[in-house]
Structure formats: C-alpha cells, structure tokens
Amino acid sequence: RLIMETKAKEKGTFQFSKFAMKYGTLVFLIIICVVFSLLRPKTFPTVSNILTVLRQIVILSILGGGLTIVMITNRIDLTIGYSTSFLGVIAGALMVNYGVPVWLAAILTIAAGGILGSLSGVAVAVIGIPDFIATLSMGFLISGFNQAYTKGHPISGFPEEFGIFGSKFVNGIPTSIFF
C-alpha cells in the first residue's frame, strides 16, 4: 500500500530528472539556438545558415537512423564508417571507371550495403561471434578493400547527374536535405 501511495504522489509531481532525460537534448539545442541568435542576429538565424547546417548533417542523420535501429536491439555496429567509405568507392568506381548510369550505380551500391550488413549479421547471429568483434574485424577488412582498390587516391570525374545527391538545388533547397 505504501508503494502505491508513493507512485500516486510521483505521478502528480514534476520530476526534473525524468524531464531532463526525455527532453534535455532538445531543450539544450533550443537554448544554444537562442544564444547564438542573440549573439549573431544578422548571420545565425538566417535561412541560408539553417540550410547549410541541415546540408552538413544529412549524412550523419541517415547513418544515425540506421544505427539507432541497431542500438535498439542492444547491439553495436562498428562498420558504419568503413562501410560508408567503401560504398562511396563502389558508387564512384561504377560511375567513373565502368560508365554505369547514376541510377543503376545507386541501386547497386545500396545492394552492396545490404550484402555487407548481411555478412556482419550472419557472423553475429549465425556463427555467434560477438557483435563488437565481428563488426570491428569486418571494418578492418572493408578498409583493406578500400585501400587495395583506390591505392589511397580519390575517385574523381563523377557524371553531372550525380549532383542530385548533394550539390543540386530544388527551389533553393539542397536536394540532399530531401534524402
């Protein structure tokens, strides 16, 4: 009965720690935006600056969304950076070195990402290798493939159509934000 009364009291009272855990990041972001808007009113709260910030966080947001799903399952994936780099090399090589159209290169790159993820998944779920070890070793393997193929040199000379993924604009908004 004492526990029930305590819980009833807690429901009616404001608990800062629960609020901070749930909304702390958002509140802190709002505070930072207000402070910078007051300090730099001519440059910070502009549409141009907001679009620039959004453009810079697109890739991290996409990757973070995928990693969120992994973390919800109480797992970890250390291949994310290695895979992103390798998939960029695959996309670049397909378009620049093999003349594959942009749309097909994008589809093949997504498929390659699925295969890479599946290999790590099989290592963890079927073979039973701990996720930390499986994804770390897969990351080193992927990094080796990157270095072997590119020999440390960047791939350049992308087709103009590839700009749809980041350097093109629709009604003044970078297309990458839509992704």
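Conventions and cut-offs
Note that residues are indexed from 1 along each chain, following the sequence as it is written. Per-residue local features are limited, in this predicted model, to residues with pLDDT of at least 70; the limit for side-chain atom pairs, both in listing and counting, is 80 or more; totals at the level of whole chains, interfaces and linings are taken over all residues. Neither water nor hydrogens contribute to the side-chain values; these are computed over all heavy atoms in the structure. In this analysis a 1.4 Å probe is tested at points of a 1 Å grid over the protein atoms alone, and where it fits but cannot get out there is a cavity; an open set with protein on both sides within 12 Å along at least five of seven lines is a pocket; lining residues have an atom within 4 Å of a point. Grid points are joined across faces, edges and corners, and a volume is the space filled by probe spheres set on the points. A run of H or I in DSSP counts as a helix once it spans at least four residues, and a run of E counts as a strand once it spans at least two, with each numbered from the N terminus. Asp, Glu, Lys and Arg are counted as charged, while Ala, Val, Leu, Ile, Met, Phe, Trp, Tyr, Cys and Pro are counted as nonpolar; the rest, among them Gly, fall into the polar class. The buried label applies to any residue whose accessible area, calculated with a 1.4 Å probe on protein chains only, is under 20% of its type's maximum; exposed applies above 50%, and partly exposed to all values in between. Counting of polar contacts relies on pairs of N or O atoms within 3.5 Å, with two restrictions inside protein: one atom must be capable of donating a hydrogen and the other of accepting it, and residues adjacent in sequence are counted only when both atoms are side-chain atoms.

Draft legend 1. Layout of the layout of surface pockets. Considering only enclosed or pocket space, the largest pocket measures out at about 1,400 Å³ in volume. Lining the largest pocket are 45 residues, and of these Ile62, Leu63, Thr84, Leu87 and Thr109 lie nearest its centre. Put simply, the parts of the chain that give the lining of the largest pocket at least two residues each are α3 (47–72), α4 (80–97), α5 (102–127) and α6 (131–150). It is α5 that provides the largest number of residues to the lining of the largest pocket, a total of 13 residues. By residue class, the composition of the lining of the largest pocket is 25 nonpolar, 16 polar and 4 charged. Put simply, the second largest pocket is a space of about 190 Å³. Lining the second largest pocket, in full, are Leu29, Ile32, Cys33, Phe44, Pro45, Asn49, Ile50, Val53 and Leu54. Those elements giving two or more residues to the lining of the second largest pocket turn out to be α2 (16–39) and α3.

Draft legend 2. Layout of unusual backbone geometry. Its identity is not glycine, yet Lys151 carries a phi of approximately 55°, on the positive side. Positive phi is not limited to glycine here, since Asn171 has a value of about 55°. Relative to the helices and strands, Asn171 resides in the loop between β1 (169–170) and β2 (173–174).

Draft legend 3. The environment of Ser85, seen in detail. Here Ser85 is to be found in helix α4. Ser85 gets classed as partly exposed once you look at its relative accessible area, which sits at 37%. Within polar-contact distance, the side chain of Ser85 engages the side chain of Asn146 at 2.8 Å.

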